[in-house]
Amino acid sequence: MPLFLFGGLYQSEESTPVYFEPVKYISWFRYGFNMLMINEFRGLKNITCQADSPADCSLHTGDDVLRYFAIKDDVWWPHLPALVLIGGFLCLFAWSCLVCRLRRR
């Protein structure tokens, strides 16, 4: 649950408390969310809102959205290797747990 909470979806990375900083860096949600946001909003010029929409219409461009979520769109490339490393570690951990369980039998 902390990995999901500090992934950047519910709060910006800048507002994460100092004592939760390590959780932010091991959260695969953070890396995936940042890559998705950069892919969707970088270079987007016009975001329109309907007049009767209850949503906040203060974000007019994709750069405004990225600034709101405190995502630096020029540093997207470290996110992919981080996701691969986290995924590889989790696969290795699951495999080692399986091997240990099978050895007990």
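First, a word on scope: everything that follows refers to the structure included in this document. Source: prediction; values computed, not measured. (Residues numbered from 1 in each chain as written. Predicted model: local features only at pLDDT ≥ 70, side-chain atom pairs only at ≥ 80, totals over all residues. Heavy atoms only, no water.)

Some details on the nonpolar core
Looking at soluble globular proteins, one finds that nonpolar side chains tend to be buried together. Defined as follows: As used here, the term nonpolar core means buried Ala, Val, Leu, Ile, Met, Phe, Trp, Tyr and Cys residues forming a set that is joined through side-chain atoms within 4.5 Å. Think of it in three bands: with a 1.4 Å probe and only protein chains considered, a residue is buried below 20% of the maximum accessible area for its type, exposed above 50%, and partly exposed in between. Here a strand is any run of E in DSSP of at least two residues, a helix any run of H or I of at least four, and the numbering for each starts at the N terminus. Contact between two residues is taken to exist if any of their heavy atoms lie within 4.5 Å; hydrogens are not considered.
One finds Phe33, Met37, Ile38, Val65, Leu66, Phe69 and Ile71 forming the largest nonpolar core, which totals 7 residues. Only helix H3 (28-41) and helix H4 (62-68) provide two or more residues apiece to this core. In terms of residue count, H3 provides more of this core than any other element does, 3 residues in total. When near neighbours in sequence (up to four residues on either side) are disregarded, Ile71 contacts Phe33, Asn34, Met37, Ile38 and Leu66.

Some details on H3
Owing to its 3.6 residues per turn, the α-helix brings residues three or four apart onto one side. Formally: To estimate the expected span of a helix, subtract one from its residue number and multiply by 1.5 Å. Note: the arc covers the axis-to-C-beta directions of the helix.
Over its 14 residues, H3 runs 20 Å from end to end, which matches the ideal 20 Å to within 8%, given 1.5 Å per residue. Listed in full, the buried residues belonging to H3 are Arg30, Tyr31, Phe33, Asn34, Met37 and Ile38. End-on, the buried residues of H3 take up no more than an arc of 170 degrees, which puts them together on one face.

Here's the deal with helix H5 (residues 79-104)
Compared with the 38 Å implied by 1.5 Å per residue over 26 residues, the 38 Å span of H5 between its first and last C-alpha is a close match. Restricting attention to buried positions, one finds in H5 the residues His79, Ala82 and Ile86. Contacts made by the buried residues of H5 are with helix H2 (21-26) and H3.

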